[in-house]
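Commentary on secondary and tertiary structure
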Amino acid sequence: METARSSERQRTAAERRRRELLEAADRVVLRDGPKASMNAIAAEAGITKPILYRHFGDKGGLYRALAKRHTDALLSALRAALDAPAERRARVEATLDTYLAAIEARPQVYRFLMHPADGADASPSAEQGFDVGRHSAPLLRRLGEELGQVIVERVDLGPDSEQTARIWGHGIVGMMHAAGDWWLADRPCSRERLVSSLADLLWGRLAEAGDRDVKGGPGF
(Lines give C-alpha, C1' and ligand atoms only; values in the text may rest on other atoms or scores of the structure.)
Protein backbone atom coordinates (compact mmCIF):
# COMPACT_ATOMS: atom_id res chain seq x y z
CA MET A 1 0.00 0.00 0.00
CA GLU A 2 2.80 2.41 0.90
CA THR A 3 4.52 1.61 -2.40
CA ALA A 4 1.32 2.48 -4.30
CA ARG A 5 0.98 5.79 -2.42
CA SER A 6 4.63 6.60 -3.10
CA SER A 7 4.17 5.87 -6.81
CA GLU A 8 1.09 8.10 -6.94
CA ARG A 9 2.96 10.94 -5.22
CA GLN A 10 5.81 10.61 -7.69
CA ARG A 11 3.40 10.60 -10.63
CA THR A 12 1.58 13.68 -9.30
CA ALA A 13 4.89 15.50 -8.73
CA ALA A 14 6.06 14.62 -12.25
CA GLU A 15 2.81 15.91 -13.79
CA ARG A 16 3.05 19.13 -11.77
CA ARG A 17 6.66 19.62 -12.86
CA ARG A 18 5.71 19.00 -16.49
CA ARG A 19 2.99 21.67 -16.27
CA GLU A 20 5.50 24.11 -14.78
CA LEU A 21 7.93 23.45 -17.63
CA LEU A 22 5.19 23.94 -20.22
CA GLU A 23 4.27 27.25 -18.58
CA ALA A 24 7.93 28.31 -18.78
CA ALA A 25 7.99 27.28 -22.44
CA ASP A 26 4.82 29.30 -23.05
CA ARG A 27 6.45 32.41 -21.58
CA VAL A 28 9.44 32.02 -23.90
CA VAL A 29 7.22 31.45 -26.93
CA LEU A 30 5.15 34.54 -26.08
CA ARG A 31 8.39 36.54 -25.90
CA ASP A 32 10.39 35.01 -28.76
CA GLY A 33 7.83 33.44 -31.09
CA PRO A 34 9.46 31.23 -33.75
CA LYS A 35 12.91 32.06 -32.31
CA ALA A 36 12.12 30.17 -29.09
CA SER A 37 14.86 27.64 -28.35
CA MET A 38 15.41 24.77 -25.95
CA ASN A 39 18.26 26.75 -24.36
CA ALA A 40 15.97 29.71 -23.66
CA ILE A 41 13.19 27.49 -22.32
CA ALA A 42 15.57 25.64 -20.00
CA ALA A 43 16.95 28.96 -18.74
CA GLU A 44 13.42 30.31 -18.14
CA ALA A 45 12.58 27.17 -16.15
CA GLY A 46 15.81 27.40 -14.14
CA ILE A 47 17.05 23.98 -15.25
CA THR A 48 19.61 22.53 -17.63
CA LYS A 49 18.72 21.45 -21.14
CA PRO A 50 19.33 17.73 -20.38
CA ILE A 51 16.65 17.91 -17.68
CA LEU A 52 14.25 19.47 -20.18
CA TYR A 53 14.99 16.61 -22.59
CA ARG A 54 14.36 14.12 -19.79
CA HIS A 55 10.79 15.39 -19.45
CA PHE A 56 9.93 15.68 -23.16
CA GLY A 57 12.37 13.41 -24.99
CA ASP A 58 13.42 15.92 -27.66
CA LYS A 59 12.39 19.18 -29.34
CA GLY A 60 9.57 17.39 -31.12
CA GLY A 61 8.21 16.07 -27.83
CA LEU A 62 8.15 19.55 -26.30
CA TYR A 63 6.57 21.01 -29.43
CA ARG A 64 3.84 18.34 -29.42
CA ALA A 65 3.10 19.02 -25.76
CA LEU A 66 2.82 22.77 -26.38
CA ALA A 67 0.72 22.19 -29.50
CA LYS A 68 -1.68 19.91 -27.63
CA ARG A 69 -1.97 22.46 -24.82
CA HIS A 70 -2.98 25.26 -27.22
CA THR A 71 -5.10 23.09 -29.50
CA ASP A 72 -7.08 21.76 -26.52
CA ALA A 73 -7.77 25.33 -25.39
CA LEU A 74 -8.80 26.40 -28.91
CA LEU A 75 -11.11 23.41 -29.36
CA SER A 76 -12.76 24.17 -26.03
CA ALA A 77 -13.40 27.76 -27.13
CA LEU A 78 -14.71 26.64 -30.53
CA ARG A 79 -17.11 24.17 -28.91
CA ALA A 80 -18.41 26.93 -26.63
CA ALA A 81 -19.10 29.11 -29.68
CA LEU A 82 -20.88 26.22 -31.43
CA ASP A 83 -23.00 25.55 -28.33
CA ALA A 84 -24.11 29.16 -27.83
CA PRO A 85 -27.92 29.68 -27.73
CA ALA A 86 -28.17 31.57 -31.03
CA GLU A 87 -29.27 31.14 -34.62
CA ARG A 88 -27.04 29.05 -36.89
CA ARG A 89 -25.60 32.01 -38.82
CA ALA A 90 -24.64 33.72 -35.55
CA ARG A 91 -22.96 30.54 -34.29
CA VAL A 92 -21.05 30.13 -37.56
CA GLU A 93 -19.77 33.70 -37.28
CA ALA A 94 -18.95 33.23 -33.59
CA THR A 95 -16.94 30.09 -34.39
CA LEU A 96 -14.95 31.85 -37.12
CA ASP A 97 -14.38 34.84 -34.85
CA THR A 98 -13.22 32.62 -31.98
CA TYR A 99 -10.46 31.15 -34.16
CA LEU A 100 -9.37 34.55 -35.51
CA ALA A 101 -9.49 36.17 -32.07
CA ALA A 102 -7.27 33.40 -30.68
CA ILE A 103 -4.51 33.90 -33.26
CA GLU A 104 -4.83 37.69 -32.98
CA ALA A 105 -4.50 37.61 -29.20
CA ARG A 106 -1.35 35.44 -29.23
CA PRO A 107 0.35 35.95 -32.60
CA GLN A 108 3.75 34.83 -31.31
CA VAL A 109 2.27 31.50 -30.24
CA TYR A 110 0.58 31.11 -33.62
CA ARG A 111 3.80 31.88 -35.48
CA PHE A 112 5.74 29.46 -33.30
CA LEU A 113 3.26 26.69 -34.05
CA MET A 114 2.89 27.38 -37.77
CA HIS A 115 5.83 29.48 -39.03
CA PRO A 116 9.15 28.50 -37.47
CA ALA A 117 11.14 29.62 -40.50
CA ASP A 118 10.07 33.25 -39.95
CA GLY A 119 12.41 33.51 -36.99
CA ALA A 120 15.02 30.91 -37.83
CA ASP A 121 18.69 31.78 -37.33
CA ALA A 122 20.64 30.36 -40.25
CA SER A 123 24.12 30.91 -38.70
CA PRO A 124 26.27 27.80 -38.33
CA SER A 125 26.49 28.27 -34.54
CA ALA A 126 22.74 28.60 -34.02
CA GLU A 127 20.86 25.92 -32.17
CA GLN A 128 18.78 23.85 -34.57
CA GLY A 129 15.20 25.05 -34.31
CA PHE A 130 12.02 23.11 -33.70
CA ASP A 131 11.08 20.90 -36.64
CA VAL A 132 7.62 22.42 -36.65
CA GLY A 133 6.74 21.66 -40.25
CA ARG A 134 6.69 17.96 -39.40
CA HIS A 135 4.16 18.52 -36.61
CA SER A 136 1.92 21.46 -37.59
CA ALA A 137 -0.09 19.56 -40.23
CA PRO A 138 -1.45 17.09 -37.63
CA LEU A 139 -2.79 20.06 -35.64
CA LEU A 140 -4.92 21.16 -38.58
CA ARG A 141 -6.00 17.59 -39.24
CA ARG A 142 -7.08 17.21 -35.63
CA LEU A 143 -9.13 20.42 -35.83
CA GLY A 144 -10.68 19.22 -39.11
CA GLU A 145 -11.64 15.84 -37.66
CA GLU A 146 -13.12 17.43 -34.55
CA LEU A 147 -15.19 19.91 -36.57
CA GLY A 148 -16.31 17.17 -38.96
CA GLN A 149 -17.55 15.15 -36.00
CA VAL A 150 -19.55 18.13 -34.71
CA ILE A 151 -21.12 18.60 -38.14
CA VAL A 152 -22.10 14.95 -38.60
CA GLU A 153 -23.68 14.91 -35.14
CA ARG A 154 -25.68 18.11 -35.65
CA VAL A 155 -26.42 18.63 -39.34
CA ASP A 156 -28.50 16.40 -41.61
CA LEU A 157 -26.57 16.27 -44.87
CA GLY A 158 -28.57 13.45 -46.41
CA PRO A 159 -26.98 10.35 -47.95
CA ASP A 160 -23.30 9.78 -47.13
CA SER A 161 -23.59 12.40 -44.41
CA GLU A 162 -20.51 11.26 -42.47
CA GLN A 163 -18.09 11.61 -45.38
CA THR A 164 -19.60 14.94 -46.40
CA ALA A 165 -19.24 16.21 -42.83
CA ARG A 166 -15.55 15.22 -42.75
CA ILE A 167 -14.96 17.01 -46.06
CA TRP A 168 -16.69 20.10 -44.70
CA GLY A 169 -14.76 19.93 -41.42
CA HIS A 170 -11.36 19.84 -43.09
CA GLY A 171 -12.42 22.37 -45.70
CA ILE A 172 -13.62 24.88 -43.10
CA VAL A 173 -10.46 24.48 -41.02
CA GLY A 174 -8.32 24.91 -44.14
CA MET A 175 -10.24 28.05 -45.06
CA MET A 176 -9.92 29.50 -41.53
CA HIS A 177 -6.21 28.73 -41.42
CA ALA A 178 -5.37 30.15 -44.85
CA ALA A 179 -7.53 33.25 -44.50
CA GLY A 180 -6.39 33.84 -40.92
CA ASP A 181 -2.74 33.46 -41.89
CA TRP A 182 -3.13 36.03 -44.67
CA TRP A 183 -5.10 38.39 -42.46
CA LEU A 184 -2.75 38.22 -39.46
CA ALA A 185 0.26 39.14 -41.58
CA ASP A 186 -1.04 42.45 -43.00
CA ARG A 187 -4.45 43.18 -41.37
CA PRO A 188 -5.95 44.24 -44.73
CA CYS A 189 -9.44 44.49 -43.23
CA SER A 190 -11.16 44.37 -39.87
CA ARG A 191 -11.71 41.05 -38.14
CA GLU A 192 -15.46 41.65 -38.35
CA ARG A 193 -15.27 42.10 -42.13
CA LEU A 194 -13.25 38.91 -42.53
CA VAL A 195 -15.68 36.93 -40.35
CA SER A 196 -18.69 38.18 -42.31
CA SER A 197 -17.09 37.42 -45.69
CA LEU A 198 -16.04 33.90 -44.66
CA ALA A 199 -19.51 33.22 -43.29
CA ASP A 200 -21.00 34.35 -46.62
CA LEU A 201 -18.75 31.85 -48.39
CA LEU A 202 -19.90 29.00 -46.12
CA TRP A 203 -23.54 29.87 -46.02
CA GLY A 204 -24.90 28.20 -49.20
CA ARG A 205 -25.81 24.59 -48.45
CA LEU A 206 -25.16 25.07 -44.75
CA ALA A 207 -28.13 27.44 -44.59
CA GLU A 208 -30.40 24.84 -46.21
CA ALA A 209 -29.34 21.74 -44.25
CA GLY A 210 -31.61 20.59 -41.46
CA ASP A 211 -30.58 20.18 -37.82
CA ARG A 212 -30.31 16.77 -36.24
CA ASP A 213 -31.90 16.36 -32.83
CA VAL A 214 -29.13 17.20 -30.36
CA LYS A 215 -30.01 16.54 -26.75
CA GLY A 216 -29.19 19.50 -24.54
CA GLY A 217 -27.91 21.86 -27.21
CA PRO A 218 -28.44 23.61 -30.54
CA GLY A 219 -27.61 22.17 -33.95
CA PHE A 220 -24.84 23.71 -35.97
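Here's a quick rundown of the structure. (Residues numbered from 1 in each chain as written. Predicted model: local features only at pLDDT ≥ 70, side-chain atom pairs only at ≥ 80, totals over all residues. Heavy atoms only, no water.)

1. Looking at the side chain of D26
Looking at where D26 falls in the secondary structure, it is placed in helix α1 (residues 2–32). There is a polar contact of 2.8 Å between the side chain of D26 and the side chain of R69. Once residues lying within four places of it in the same chain are set aside, the contact partners of D26 are L66, R69, H70 and R106. (Helix = DSSP H or I, 4+ residues; strand = E, 2+ residues; numbered from the N terminus. Polar contact = N/O pair within 3.5 Å; in protein donor to acceptor, adjacent residues only side chain to side chain. Contact = heavy atoms within 4.5 Å.)

2. Considerations on unusual backbone geometry
Despite not being glycine, D160 has its phi angle at roughly 60 degrees, a positive value. Among the secondary structure elements, D160 is positioned in the loop between β1 (155–156) and α8 (161–186). Backbone geometry places R187, a non-glycine residue, at a positive phi of 50 degrees. Within the element layout of this structure, R187 appears in the loop between α8 and α9 (191–208). Judged by its relative accessible area of 40%, R187 is partly exposed. (Buried < 20%, exposed > 50% of the residue type's maximum accessible area, 1.4 Å probe, protein only.)

3. Some words on the packing of aromatic side chains
One pass over the full model with this rule turns up 1 aromatic pair. On the numbers, 5.8 Å between centres and 45 degrees between planes, the contact of Y63 with F112 is tilted. Of this pair, Y63 sits in helix α4 (residues 59–82) while F112 sits in helix α6 (residues 107–114); the two residues are 49 residues apart in sequence, bridging distant segments of the chain. For the residue pair Y63 and F112, the accessibility class agrees, reading buried in each case. For R187, the ring lying beneath its charged end belongs to W183, and the centroid distance is 4.9 Å. (Phe/Tyr/Trp six-rings, centres within 6.5 Å; stacked < 30°, edge-to-face > 60°. Lys NZ or Arg CZ within 6 Å of the ring centre and 35° of its normal.)

4. A look at the environment of G148
Residue position: G148 is located in helix α7 (residues 133–154). Look at G148 and you get buried, because its relative accessible area is 2%. In this structure G148 touches A165, R166 and G169, once residues within four positions along its chain are discounted.

5. A word on the pattern of salt bridges
What the rule picks out here adds up to 14 salt bridges. The partner of R142 in a salt bridge is D72, with the nearest N and O atoms 2.6 Å apart. Remark: D72 occurs in helix α4 and R142 occurs in helix α7; sequence separation between them is 70 residues. Since its relative accessible area comes to 29%, R142 is described here as partly exposed. A residue is classified by how much of its surface remains accessible, and D72, at 28% relative accessible area, is partly exposed. Taking the shortest distance from any N to any O, the salt bridge between D97 and R191 comes out at 2.7 Å. With D97 in helix α5 (residues 88–105) and R191 in helix α9, the pair connects residues that are 94 residues apart, well separated along the chain. (Salt bridge = Lys/Arg side-chain N within 4 Å of Asp/Glu carboxyl O.)

6. Quick notes on the environment of F56
With respect to the helices and strands, F56 occurs in helix α3 (residues 49–56). The sequence separation of F56 and R18 amounts to 38 residues, and the corresponding C-alpha distance is 8.6 Å. Not counting residues within four places of it along the chain, the set of residues in contact with F56 comprises R18, L21, L22, G61, L62 and A65.

7. So, the packing of helix α2 (residues 38–45) against α3
Packing of α2 against α3 brings their axes to within 9 Å, and their N-to-C directions diverge by 95 degrees. When the axis of α2 is compared with that of α3, the two are roughly perpendicular. Mapping the contact onto sequence places M38, N39, I41 and A42 in α2 and K49, L52 and Y53 in α3. Classifying every residue of the contact of α2 with α3 by side-chain character gives 5 nonpolar, 1 polar and 1 charged. (Axes fitted to C-alpha atoms, helices over the stretch in contact; angles between N-to-C directions. Parallel < 35°, antiparallel > 145°, perpendicular 65-115°, else oblique. Nonpolar A, V, L, I, M, F, W, Y, C, P; charged D, E, K, R; others polar.)

By themselves these figures say nothing about function.
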